[in-house]
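# Overview (structure and organization)
As a plain string of letters, each chain reads:
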Amino acid sequence: MTKRAYNFNAGPAALPLEVLQQAQEQFVEFGGAGMSIMEMSHRSSIYENVNNETQSLLRELFGIPDHYKTLFLQGGASTQFGMIPMNLLSEGKTAAFVQTGNWSNKAIKEAKLIGKTAIVATSEENKYTRIPDLSELKLPEETAYLHITSNETIEGIQYSEYPNTGDIPLVGDMSSDILSRPVDVSKFGLIYAGAQKNLGPSGVTLVIIREDLAANSPKTLSSMLRYDTHVNNNSLYNTPPSFSVYMVNLMLKWIASKGGVSAIEQYNRDKTNLIYDAIDSSGGFYRGAADAASRSVMNITFRIHTEELEKQFIKESEAAGFVGLKGHRDVGGLRASTYNAVPLESCKALAAFMSDFQQRNG
Ligand code: PMP
């Protein structure tokens, strides 16, 4: 077999070898149909089973209550930035946002095109190195929903606790931490995530929506942009991204085989601790970019004291088989993304490489 890279890509990202191998086995022929999953009708009973089973697996693994629907949509999480206000932000109401970085800013920008918005908490003055304290959060009157970004993929900060919004729907972008840890879904009105980091390949976007919220799409909204269209058609209104949904199905079975989401959370913490320990024990050679209390378990952002050394780190790490350690172009520095499928061995290898690099350059 060809050697697998130590893949720390931010997304699309590593998938488990077992999942890839199973997909390879079923690539040409699936379910006794005499064809691959990509060649069959999305109206066939075989695909319908995949669609339904994937939803059941999600429900079970993520503890999704009965009065929520799970949807498989296209257009990425970026389309949800617009679709959410189109469906949930009615005239006279305000979409409230917690501003925590690059991705929440993109969500705010799109919502502004649709209606009234308010930033109710921000860490902009701290250069998005922390999740703001939301214990005293005040929402404007007539708030339609509060939007949060559960994990800021670029800055490497993550909520450890979600705010309580009472009767006001909480909307969560979980694109970079979905199914990486248990979540009380009942706290949310809507959760959305592109699959391509923790849940499978690109091409499918998961939306988990409370039934009553999905029922209220404005009557003038075009069919594909309405949640009720997709709810009423079991995500089969038009041709779905069937291969991506199938891959999510395999990925969910892999998560189940590892003991479920709580076990995956522990695994993710064990992986991340290796790298944060390498940073914290480096005597200042490496510096974590995020405040300790807001550090992400998914995207570890860090710096070395000169940009030359950062460049050298990336160059040498690539030569040693590591991929994806360059920080996002907007913030620079270094970033290791350690999503569900990144093996512990990759993190051990990175921690060892970091220590070795420091010894040679410290
Ligand atoms: N939100 C977050 C937190 C993300 O990390 C990303 C992608 N990196 C997006 C939204 C946008 O997702 P997509 O590319 O699927 O539109």
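Residues numbered from 1 in each chain as written. Predicted model: local features only at pLDDT ≥ 70, side-chain atom pairs only at ≥ 80, totals over all residues. Heavy atoms only, no water.

## Looking at the packing of aromatic side chains
For the coordinates displayed, the defined rule picks out 18 aromatic pairs. Here Tyr159 and Tyr162 contribute two aromatic rings whose centre-to-centre distance is 5.9 Å and whose plane-to-plane angle is 35°, an arrangement assigned as tilted. By the burial criterion, Tyr159 is buried, and Tyr162 matches it. With a centroid separation of 4.8 Å and an interplanar angle of 90°, the aromatic rings of Phe285 and Tyr286 are classed as edge-to-face. In terms of burial, Phe285 and Tyr286 fall into one category: buried. Feature note: the residues Tyr6, Phe8, Phe285, Tyr286, Phe302, Phe313, Phe322, Phe353 and Phe357 constitute an aromatic cluster, connected by ring pairs. Over the ring of Tyr6 we find Lys3; its NZ or CZ atom is 5.2 Å from the centre of that ring. Across from the ring centre of Trp103, 4.7 Å away, lies the NZ or CZ of Lys106, which sits over that ring. (Phe/Tyr/Trp six-rings, centres within 6.5 Å; stacked < 30°, edge-to-face > 60°. Buried < 20%, exposed > 50% of the residue type's maximum accessible area, 1.4 Å probe, protein only. Lys NZ or Arg CZ within 6 Å of the ring centre and 35° of its normal.)

## A look at unusual backbone geometry
A cis amide bond, omega -5°, links Gly11 with the succeeding residue Pro12. Tracing the sequence through the fold places Pro12 in the loop between strand S1 (6-7) and helix H1 (17-25). The backbone of Leu179 shows a phi angle near 60°, a positive value even though the residue is not glycine. Residue placement: Leu179 occurs in the loop between strand S8 (170-173) and strand S9 (190-194). (Helix = DSSP H or I, 4+ residues; strand = E, 2+ residues; numbered from the N terminus.)

## Details of the nonpolar core
Counting 53 residues, the largest nonpolar core has Phe62, Ile178 and Leu179 as the members making the most contacts within it. Considering each element in turn, this core owes the most residues, nine residues, to helix H7 (residues 242-257). Two domains each provide a minimum of three residues to this core, namely domain 1 (18-257) and domain 2 (259-361). Setting aside its immediate chain neighbours within four residues, Ile178 contacts Phe62, Ile191, Ala193, Asn198, Leu199, Leu206 and Asn340. (Core = buried A, V, L, I, M, F, W, Y, C linked by side-chain atoms within 4.5 Å. Domains from an automatic or database assignment. Contact = heavy atoms within 4.5 Å.)

## Observations regarding the site of the ligand
Neighbouring residues of the ligand: Gly76, Ala77, Ser78, Phe81, Trp103, Asn151, Thr153, Asp173, Ser175, Ser176, Gln196 and Lys197. At a separation of 2.5 Å, an oxygen atom of the ligand approaches a polar side-chain atom of Thr153. When the free accessible area of the ligand is taken as 400 Å², the share hidden by the protein chains comes to 85%. Top element by residues in the shell around the ligand is helix H3 (residues 76-88). It accounts for four residues. Across the shell around the ligand, the residue classes tally to three nonpolar, seven polar and two charged. (Near = heavy atom within 4 Å. Polar contact = N/O pair within 3.5 Å; in protein donor to acceptor, adjacent residues only side chain to side chain. Areas by Shrake-Rupley, 256 points an atom, 1.4 Å probe, with all protein chains shown as cover. Nonpolar A, V, L, I, M, F, W, Y, C, P; charged D, E, K, R; others polar.)

## Some remarks on the domain arrangement of the chain
Along its sequence, the chain is carved into domain 1 (18-257) and domain 2 (259-361). Taking only C-alpha atoms into account, the centre of domain 1 sits 27 Å from that of domain 2. On the domain 2 side, the residues contacting the 27 residues of domain 1 number 24 residues. Regarding the contact of domain 1 and domain 2, the summed buried area is about 2100 Å², with carbon and sulfur atoms giving 53% of it. Counting the contacts that link domain 1 with domain 2 gives one salt bridge. Between Arg130 and Asp291 there is a salt bridge, with the nearest N and O atoms lying 2.9 Å from each other. One can count 18 residue pairs in polar contact (both at pLDDT 80 or more) joining domain 1 with domain 2. Among the elements that line the side of domain 1 that touches domain 2, the one with the most residues is H7, at five residues. (Buried area = accessible area lost by both parts, 1.4 Å probe. Salt bridge = Lys/Arg side-chain N within 4 Å of Asp/Glu carboxyl O.)

## Some thoughts on H7
Across its 16 residues, H7 extends 23 Å between first and last C-alpha, which sits within 8% of the 22 Å expected from 1.5 Å per residue. Burial of H7 is extensive: 12 of the 16 residues sit out of reach of the surface. Turning to H7, its buried residues number three or more, namely Ser242, Ser244, Val245, Tyr246, Met247, Val248, Asn249, Leu250, Met251, Leu252, Trp254 and Ile255. Looking at the buried residues of H7, the elements they touch are H1, helix H2 (45-62), strand S2 (68-73) and helix H8 (261-280). Where H7 terminates, the next one or two residues include Gly259, which has phi positive at roughly 110°. (Expected span 1.5 Å × (residues − 1).)

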